[in-house]
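# Summary of structural features
The chain contents come next:
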Amino acid sequence: MNHFLSQALQLASQSLTLSSPNPRVGCVLVSPDRQILGQGQTQRAGGPHAEIMALRDAQAQARPVQGATAYVTLEPCSHHGRTGPCCDALIAAGIAKVVAIHTDPNPLVAGQGFGRLRAAGVHVEVLPPDHPLARQAHELNIGFFSRMIRQLPWVRMKIAASLDGKTALLNGTSQWITSPQARADGHAWRARACAVLTGIGTVLADDPKLDVRLVPTQRQPTLALVDSGLETPLDASLFIADRARWIWAAVRNESKQSALERGGATVLYRPNAQGKVDLAAMLQDLAAREINELHVEAGHKLNGSLLGAGLVDELLIYLAPTLIGQGTDMSNLGPLTALSQAVPLAFQSTAMIGPDLRVLARISGHDGFSPGSGKSGKN
């Protein structure tokens, strides 16, 4: 069983940069004598889900699936969203058994897919949530689970810095502290995200594109921008890529808003009491707009604001083997008066990327939501 579920999970990982906002799901169809009949993974939103791709694969190879077992990484959906119910397709094909890694707790599904399968005489098994494969599947879809359970995207903050934690010289020079290999790896993390977030300070200082250029990708992530006063230049490089652009502002400027929207941007006003963008409200907006993983590449001010408000889930840090001394810090958290006020982290992984060290560190407690509870969805 674990062998075929592992294979389904490997297939799901092939949807890493493709299936958003849907989860990354894989399916393997296996005959009673343990021969693989068909396999597939979820396609673009609105396209076939993993189960349908696997059924089509078997059909293309003239392999009948009557009496087969379907190994899937998530409960087959039972509702009409962008596509029809996958559980009905499995029943119609004559699948005898379904083995799944996770139940989908979407109120529109929430075990109803399994219920319909069982009512049709299909045997259903689900892994316990503490199974190692369940944890792997959760990590692969951590943004999806976050959005559906917490109604917030999974916020990953990427930082490139010197070994002494500086992201730029005092004069603002930052290109390039880390190596080409680290920059390409960072683009791979951009590619898996649903949206890339930055602040107006970074736009005005660096005029970045913040698209995916250094690795192959099947889509460009949406661009999200915090720009309280709508200072974004109309010719900013952010507007070059073929993607959605969303700008959160706090101070209304109807003429600038109209100009930005003529250029293809969407402007949303979410002011807080200080006349800045309400970052928590912005994250709720992003979740409502089906953003699973939010990749932050911003300056020390926005980094500090997000960290200080407890809105970051994990840090993706590339450390170059160099010392800068005085320079710009990773984030402007402000002075602490006690060590107990420090942001607690748990190291997830470290790896050498070219000459640089990549550190993935998670905010302690931010992955405590259960993969088997809360709200979820597959549409």
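Before going into details, it helps to say that this report is about the structure given with it. (Residues numbered from 1 in each chain as written. Predicted model: local features only at pLDDT ≥ 70, side-chain atom pairs only at ≥ 80, totals over all residues. Heavy atoms only, no water.)

### Notes on empty space enclosed by the protein
Counted according to the given criterion, the structure contains one cavity of 30 Å³ or more. Counted as a void, the largest cavity has a volume near 40 Å³. What lines the largest cavity is S20, R24, N141, G143, F144, N292 and E293. Residue composition of the lining of the largest cavity, by class: one nonpolar, four polar and two charged. (1 Å grid on protein atoms, 1.4 Å probe; cavity = no way out; pocket = protein on both sides within 12 Å on 5 of 7 lines; lining within 4 Å. Points joined across faces, edges and corners; volume = space filled by probe spheres on them. Nonpolar A, V, L, I, M, F, W, Y, C, P; charged D, E, K, R; others polar.)

### Notes on the packing of aromatic side chains
Under the defined criterion, the tally for this structure stands at three aromatic pairs. On the numbers, 5.2 Å between centres and 35 degrees between planes, the contact of F4 with Y71 is tilted. A residue pair is termed long-range when its members are at least 10 positions apart, and F4 in helix α1 (residues 2-13) and Y71 in strand β3 (residues 69-72) qualify at 67 residues. You can call Y71 buried: its relative accessible area is 7%. The interplanar angle of 80 degrees and the centroid separation of 6.3 Å between the aromatic rings of W246 and W248 together place this pair among those described as edge-to-face. The pair W246 / W248 is uniform in exposure class, with both members buried. Above the face of the W176 ring, R183 is positioned so that its terminal group lies 4.3 Å from the ring centre. (Phe/Tyr/Trp six-rings, centres within 6.5 Å; stacked < 30°, edge-to-face > 60°. Helix = DSSP H or I, 4+ residues; strand = E, 2+ residues; numbered from the N terminus. Buried < 20%, exposed > 50% of the residue type's maximum accessible area, 1.4 Å probe, protein only. Lys NZ or Arg CZ within 6 Å of the ring centre and 35° of its normal.)

### A closer look at the sheet that holds strand β13 (residues 314-320)
Taken in spatial order, the nine strands line up as β11-β10-β9-β8-β12-β6-β13-β16-β15 in an open sheet, and their pairing is mixed. Every interior strand has two partners, whereas the edge strands, β11 (265-269) and β15 (345-353), have only one. For this sheet, the mean inter-axis angle between neighbouring strands, taken without regard to orientation, is 20 degrees. Here helix α10 (residues 279-288) sits on the sheet in contact with β6 (154-162), β8 (195-199), β9 (222-226), β10 (245-249), β11 and β12 (293-296), set at roughly 155 degrees to β10. (Pairing = 2+ DSSP bridges. Axes fitted to C-alpha atoms, helices over the stretch in contact; angles between N-to-C directions. Contact = heavy atoms within 4.5 Å.)

### With respect to the sheet that holds strand β5 (residues 123-126)
In spatial order, the strands read β2-β1-β3-β4-β5; together these five strands make up an open sheet with mixed pairing. On the outer flanks of this sheet lie β2 (36-41) and β5, each paired with one strand and no other. Strand-to-strand twist in this sheet, taken as the mean axis angle between neighbours without regard to direction, amounts to 15 degrees. Examined bridge by bridge, strand β1 (residues 26-30) and β3 share four bridges and lie antiparallel to one another. Directly across from L29, in β3, lies its bridge partner A70. Of the strands in this sheet, β1, β2, β3 and β4 (97-100) touch α1, which is tilted by about 140 degrees from β1. Here helix α4 (residues 112-119) sits on the sheet and contacts β4 and β5; the angle it forms with β5, its principal contact strand, is near 150 degrees.

### With respect to the layout of surface pockets
In this model, the largest pocket occupies a volume close to 1,300 Å³. Surrounding the largest pocket, 47 residues form its lining, T202, D206, E297, A298 and G299 being those nearest its centre. Looking at the lining of the largest pocket, the elements with two or more residues in it are β6, β7 (166-169), α7 (180-192), β8, α8 (200-206), α11 (300-308) and β14 (327-329). For the lining of the largest pocket, the residue count by class is 16 nonpolar, 18 polar and 13 charged. Here the second largest pocket defines a volume of roughly 300 Å³. L315, I317, M330, S331 and L345 are, among the 14 residues lining the second largest pocket, the residues nearest its centre. Those elements that place two or more of their residues in the lining of the second largest pocket are β13, β15 and β16 (356-363). Across the lining of the second largest pocket, the residue classes tally to 11 nonpolar, two polar and one charged.

### Points about the state of the cysteines
Should the sulfur atoms of two cysteines be covalently bonded, the bond is a disulfide. Here the structure, examined in full by the defined rule, presents zero disulfides. With no disulfide of its own, C87 lies 6.7 Å from the sulfur of C77, the closest cysteine sulfur. Under the relative-accessibility criterion, C87 is labelled buried at 0%. Just so you know, C194 is unpaired, no disulfide at all, and the nearest cysteine sulfur is the one on C77, 18 Å from it. (Disulfide = S-S within 2.5 Å.)

### Notes on the pairing of β15
Judged from the eight bridges that link them, β15 and β16 form a sheet pairing that is antiparallel. Bridged to A346 within β16 is R362. Between β15 and the antiparallel strand that follows it, β16, lie two residues; G354 among them carries a positive phi value of about 60 degrees.

### Some thoughts on the pairing of β1
Taken across its five residues, β1 has five buried, putting it largely inside the fold. Counting the residues that bridge the hairpin from β1 to β2 gives five residues, and of these R34 lies at a positive phi of roughly 70 degrees.

Taken by themselves, the reported measurements are silent on function.
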